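One letter stands for each residue in the lines below.
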Amino acid sequence: ADEAVELQSKCLFSYMLKLAESTCCVCAFPPDWASLTLGVFVCQACSLLHRSIPHISRVKSVQDTWDASEVELMATTGNNAAKAKYEQTVPAFYYRPTHSDCKMLREQWIRAKYERNEFEFIEKQEPYSAGYRDGFLWKRGRDNGQFLSRKFILSEREGALKYFNKQDARDPKALMKIETLNATFQPAKIGNPCGLQITYLKDNSTRNIFVYHSDAKEMVDWFNAIRAARFHYLQVAFPGASDEELVPKLTRNFMKEGFMEKTGPKHTEGFKKRWFTMDDRRLMYFKDPLDAYARGEVFIGSKENSYTVLSGLPSSTQGHHWNHGITIVTPDRKFLFACETEAEQRDWIAAFQRVINRPMRPQEYAVEAHFKHKP
């Protein structure tokens, strides 16, 4: 009898492992946990988020001992069945997090699906689907670094996101066109789990705004409202494009950020430590990671247009404190950078190489031309 129980246990365990050969239902990472109440498989990181909603989800490791009824539950539900139920009407523009996204974004995706049932009832999607949103966000002051409450209005009809310095102000302090708007969660840089960095172009230069809200749902609703506005703008701008073509263009995370040293165009000035952000083909550098404006921007084109990245610096180079150099060669000049560690140098070179290996799109030639004519 004991042998029969042990055999059954082994069979159940093998079957559970086979069932778990899917991906995490939250972030698409390989799963090693399961929710007994929802019947879905999750990775270890997302299992911790499921634990934060115990009234909705009870998790268990697939390596634990499972009885026949529990295994049957997982076999009859599973990720696909749960997806059919809880993700019935996810809008095309709604951001689906991956394992590399911040904890808050993944947790709100879980709560939106299983706690708030946002994708079973379309009326619950109004906060980010209505085409208009207003409210107050804590915004970092450009000069003093203090976060102050500011009123924001997002209007698809006006094609802009605006914010006002005073509650009764008629004119906005800034008007950000949806055409060039981007938003990316930056909790570590901003120092708040709901920290969002909004960027837009002003006179073809990048402007940063750093905001947060104490309510995580509010912040994610703002993020998805921006994505919705971008989606509808692009649908009009590119009427023949499919959703699959447009969705990757809604918002983007930066390719890489971090400190490097740089020198000036003559290569005779001393190297200065700067914060660098690689945003698509724009390499921007700032004195401080939370600066509103970049000190400078470098356009990184493609190898077909004579852009290359090299490991190391010219032998005559002096004045750098960090030893791991990078040279970017453009049709007009060479840009010299130095990294603190070999690992950072390797990561930056890989990021530059990804951009250089990608052929330039027609509209990027206009951006390149603008950079060449900058004073």
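Only a predicted model underlies this, so the values are computations on that prediction, with no experimental measurement involved.

A. Up close: the sheet that holds strand β16 (residues 324–329). In space, the 7 strands of this open sheet follow the order β14-β13-β12-β11-β17-β16-β15, with antiparallel pairing throughout. The open sheet is flanked by β14 (296–299) and β15 (308–311), the only strands paired with a single partner. On average, adjacent strands in this sheet sit at an angle of 35° to one another, irrespective of strand direction. Where helix α10 (residues 342–356) meets the sheet, its contacts fall on β11 (256–262), β12 (272–279), β13 (282–286), β15, β16 and β17 (334–339), and the angle it forms with β11 comes to roughly 110°.

B. The UniProt feature "domain: PH" (unreviewed entry) in the protein, seen in detail. The positions UniProt marks with the feature "domain: PH" (unreviewed entry) are residues 130–231 and 253–357. Counting secondary structure, residues 130–231 comes out at 20% helix and 45% strand; the distance between its end C-alpha atoms is 13 Å. Spanning residues 253–357, this segment combines 14% helix with 38% strand, and its end C-alpha atoms are found 19 Å apart.

C. Representation of the packing of aromatic side chains in the model. One pass over the structure, following the stated rule, counts 21 aromatic pairs. With a centroid separation of 6.4 Å and 75° between ring planes, the pair formed by Phe276 and Trp348 is classed as edge-to-face. On the criterion of sequence distance, the pair formed by Phe276 in strand β12 and Trp348 in helix α10 is long-range, its members being 72 residues apart. Across the pair, exposure class does not vary: Phe276 and Trp348 are buried alike. Members of the aromatic cluster, each reached through a chain of ring pairs, are Phe93, Tyr94, Trp109, Phe119, Tyr128 and Phe231. If you follow Lys273 out to its NZ or CZ, it ends over the ring of Phe259, 4.6 Å from the centre. The ring of Phe335 carries Arg333 above its face, with NZ or CZ at 3.7 Å from the centroid.

D. Just the pairing of β14, in detail. Going residue by residue along β14, you find Gly296 and Val298 tucked away on one face and Glu297 and Phe299 tucked away on the opposite face as well. Pairing of β13 with β14, which is carried by 4 bridges, proceeds in the antiparallel orientation. Counterpart to Leu283 in the pairing with β14 is Val298.

E. Here's a closer look at the pairing of strand β6 (residues 160–164). Of all 5 residues in β6, 5 are buried, a share of seventy percent or more. Burial along β6 is two-sided: the face carrying Ala160, Lys162 and Phe164 and the face carrying Leu161 and Tyr163 are both buried. Of the pairings in the sheet, the one linking strand β5 (residues 147–155) to β6 comprises 5 bridges and is antiparallel in character. By the bridge assignment, Ser155 is partnered in β6 with Ala160. Linking β5 back to β6 in an antiparallel pair, the connection comprises 4 residues, with Gly159 at a positive phi of about 70°.

F. How the structure looks around helix α4 (residues 78–86). All buried positions along α4 are accounted for by Gly78, Asn79, Ala82 and Tyr86. Down the axis, α4 shows its buried residues gathered within 125° of arc, on one side only. Opposite the buried face of α4, at more than 90 degrees from it, the exposed residues are Asn80 and Ala84.

G. Region of the structure containing the packing of helix α5 (residues 103–115) against helix α8 (residues 216–237). Contact geometry for α5 and α8: axes closest at 10 Å, N-to-C directions at 90°. As summarised for this structure, α5 and α8 are arranged roughly perpendicular, according to the angle between their axes. On α8, the residues touching Met104, Leu105 and Gln108 of α5 are Ala216, Lys217, Val220 and Phe223. Residue composition of the contact of α5 with α8, by class: 5 nonpolar, 1 polar and 1 charged.

H. Main features of the environment of Lys273. Take Lys273: it is sitting in strand β12. In this structure Lys273 comes out as partly exposed when scored by relative accessible area, which is 44%. C-alpha of Lys273 to C-alpha of Gln108: the two residues are 165 residues apart in sequence and 37 Å apart in space.

I. Focus on the nonpolar core. The biggest cluster of nonpolar side chains holds 59 residues, and the ones touching the most others in it are Leu161, Met176, Phe185 and Ile198. Among residues more than four places away in sequence, those in contact with Met176 are Phe152, Gly159, Ala160, Leu161, Tyr163, Leu181, Ile198, Tyr200 and Ile209. Grouped together as the second largest cluster of nonpolar side chains are 22 residues, Met260, Met278, Cys339 and Met360 included.

J. Broad picture of the packing of helix α2 (residues 44–51) against α5. Across the interface, α2 lies against α5 with an axial gap of 10 Å and an inter-helix angle of 55°. Judged by the inter-axis angle, α2 sits oblique to α5. In this structure, the crossing between α2 and α5 has a hand that is right-handed. Across from Ala45, Cys46, Leu49 and His50 in α2, the residues of α5 making contact are Lys103, Arg106, Glu107, Ile110 and Tyr114. For the contact of α2 with α5, the per-class residue count stands at 5 nonpolar, 1 polar and 3 charged.

Rules of the game
Residues numbered from 1 in each chain as written. Predicted model: local features only at pLDDT ≥ 70, side-chain atom pairs only at ≥ 80, totals over all residues. Heavy atoms only, no water. Pairing = 2+ DSSP bridges. Helix = DSSP H or I, 4+ residues; strand = E, 2+ residues; numbered from the N terminus. Axes fitted to C-alpha atoms, helices over the stretch in contact; angles between N-to-C directions. Contact = heavy atoms within 4.5 Å. UniProt positions renumbered as here; feature names shortened; annotations may be inferred. Phe/Tyr/Trp six-rings, centres within 6.5 Å; stacked < 30°, edge-to-face > 60°. Buried < 20%, exposed > 50% of the residue type's maximum accessible area, 1.4 Å probe, protein only. Lys NZ or Arg CZ within 6 Å of the ring centre and 35° of its normal. Arc of directions from axis to C-beta. Parallel < 35°, antiparallel > 145°, perpendicular 65-115°, else oblique. Nonpolar A, V, L, I, M, F, W, Y, C, P; charged D, E, K, R; others polar. Core = buried A, V, L, I, M, F, W, Y, C linked by side-chain atoms within 4.5 Å. Left-handed = near helix turned anticlockwise from the far one by under 90°.

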